[in-house]
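The residues making up each chain are set out below.
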Amino acid sequence: MALDRPIFWLGIAGLTPQQRAELVAFLPSQPTSLPAWRVAKFDEADAWCVSGMAAHWLDDGTLVVPDSRRAESVLKLPLASVDRPLAFTTPLASPEIEPLTTFDPGSERAIYMLLKKFETWLQPLRAQYFLGALLHQEMAGLQHATYALVHQSVLLAVVDIPKRRIDYLADASPVQLEQASWEKRGPSEDELAPRFRRANLMHVMWQFAQHSAGDLLPAGYAKEPIRLRYQPQVPDAWLKESQRTVLRTLERGPTSVPQFHKAGLNPGQLVRDLASLYFDGAISTVSGNVPWLVSTETRASGRGLMF
């Protein structure tokens, strides 16, 4: 079964209002056979586009980007700390930028090629998204066991539900993962090749929720007040400003989705934020709807796990 493609989030800095509008107009905002791209807060984005005309380097290797919008402060970015794809618009004001990735912000084809390059750089994140989508789709039929995802005799991933971890090939394609079969795997099977990456199962589901265009919450969450069970178990740096707002609200007591809407939270992002917290086990409805957590009865019986 074909899986929905992800939304990737783009941070933009230093572009003039006209450049920014042209760039945003060329972005595919809805997932089709390819991922969607939408603008996010710069520090919360998966990839960055920076004005090559506005950017300049300091002697200590810090990239400085004055933003053309008055509401935004000057961006200072130490090059050594860059941990995601970065591209600069042309023309360039600083010759030091030339060896880095550049693109014409007024060319639809150049932007399309840039997004394809970004998607290649984001292969690990893309793989985690599709693994999360598969788990969400298949979980009702899975037992408390370890599974191998295999496509045409090629091992793509090992999903260890008891240990809450996934080992995966970052370059596994969406088509390979969609067509992969689930095979039970014994604990004593061969060690995985070094090129396999390891991720926490909850972290994979968190990334899936944050990059999904769908509403992943069970129906009960739209009807009942939601309560906070504990703080999320993901790295603190992963928490977006919107998620921190949700958590602060829940710390004051159970809150319904309509109450969140009345408080001014973006409905689309709210769905993603609540789904991430749900998969993490950090929230439940007041009636105790936490199907992601495996009960003692489920562990003993070997029945399917439920989202």
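Here, every reference points to the structure presented above.
Report on the accompanying structure.

## Topic: the overall build of the protein chain
Now for step 1: Within the protein chain, the regular secondary structure consists of ten helices and 15 strands.
Now for step 2: Relative to its full complement of 307 residues, the protein chain shows a buried share of 48%.
Now for step 3: Sequence-distant contacts in the protein chain: of pairs separated by 6 or more residues, those separated by 24 or more amount to 71%.
Now for step 4: Of the roughly 15100 Å² of accessible surface on the protein chain, a fraction of 51% belongs to carbon and sulfur atoms.

## Regarding the packing of aromatic side chains
Now for step 1: Under the definition given, this model contains ten aromatic pairs.
Now for step 2: Aromatic side chains F118 and W121 sit 5.9 Å apart centroid to centroid with 40° between the ring planes, which places their arrangement in the tilted category. Pair noted here: F118 and W121 are both in helix α2 (residues 108-121), with a separation of three residues, about one helical turn.

## Some remarks on the pattern of salt bridges
Now for step 1: Tallying each qualifying case throughout the model produces six salt bridges.
Now for step 2: Note that E241 and K41 form a salt bridge whose closest N and O atoms lie 3.8 Å from each other. Here E241 is found in helix α7 (residues 241-251), whereas its partner K41 is found in the loop between β2 (36-39) and β3 (47-50), with 200 residues between them in sequence.
Now for step 3: On the basis of relative accessible area, E241 is assigned to the partly exposed category, the value being 47%.
Now for step 4: Taking the shortest distance from any N to any O, the salt bridge between R126 and E119 comes out at 3.3 Å.
Now for step 5: Under the relative-accessibility criterion, E119 is labelled buried at 10%.

## Side note on the environment of L265
Now for step 1: One can find L265 in the loop between α8 (257-262) and α9 (267-280).
Now for step 2: Each C-alpha atom, one on L265 and one on V246, is 8.6 Å from the other, the two residues being 19 residues apart in sequence.
Now for step 3: With sequence-adjacent residues up to four places away left out, L265 is seen in contact with T245, V246, F260 and L270.

## A short note on the sheet that holds strand β1 (residues 7-13)
Now for step 1: Strands sit in the order β2-β1-β3-β7-β8 across an open sheet of five strands; the sheet is parallel. Single-partner strands in this sheet number two, and they are β2 and β8 (102-103).
Now for step 2: The sheet contact formed by β3 and strand β7 (residues 86-89) spans three bridges and is parallel. In the sheet register, W48 faces β7, and the bridge partner there is L86.
Now for step 3: Running at roughly 170° to β1, helix α1 (residues 17-26) makes contact with β1, β2, β3 and β8 of the sheet.

## Topic: the packing of helix α3 (residues 123-138) against helix α5 (residues 201-210)
Now for step 1: One way to put it is that α3 packs onto α5 with a least axis distance of 8 Å and a crossing angle of 95°. What the angle tells us is that α3 and α5 run roughly perpendicular. In this structure, α3 uses L125, Q128, Y129, L131, G132, A133, L135 and H136 to contact α5, whose residues at the interface are L201, H203, V204, M205, Q207 and F208.
Now for step 2: Residue composition of the contact of α3 with α5, grouped by class: nine nonpolar, five polar and no charged.

Cut-offs applied
- Residues numbered from 1 in each chain as written.
- Predicted model: local features only at pLDDT ≥ 70, side-chain atom pairs only at ≥ 80, totals over all residues.
- Heavy atoms only, no water.
- Helix = DSSP H or I, 4+ residues; strand = E, 2+ residues; numbered from the N terminus.
- Buried < 20%, exposed > 50% of the residue type's maximum accessible area, 1.4 Å probe, protein only.
- Contact = heavy atoms within 4.5 Å.
- Areas by Shrake-Rupley, 256 points an atom, 1.4 Å probe, with all protein chains shown as cover.
- Phe/Tyr/Trp six-rings, centres within 6.5 Å; stacked < 30°, edge-to-face > 60°.
- Salt bridge = Lys/Arg side-chain N within 4 Å of Asp/Glu carboxyl O.
- Pairing = 2+ DSSP bridges.
- Axes fitted to C-alpha atoms, helices over the stretch in contact; angles between N-to-C directions.
- Parallel < 35°, antiparallel > 145°, perpendicular 65-115°, else oblique.
- Nonpolar A, V, L, I, M, F, W, Y, C, P; charged D, E, K, R; others polar.

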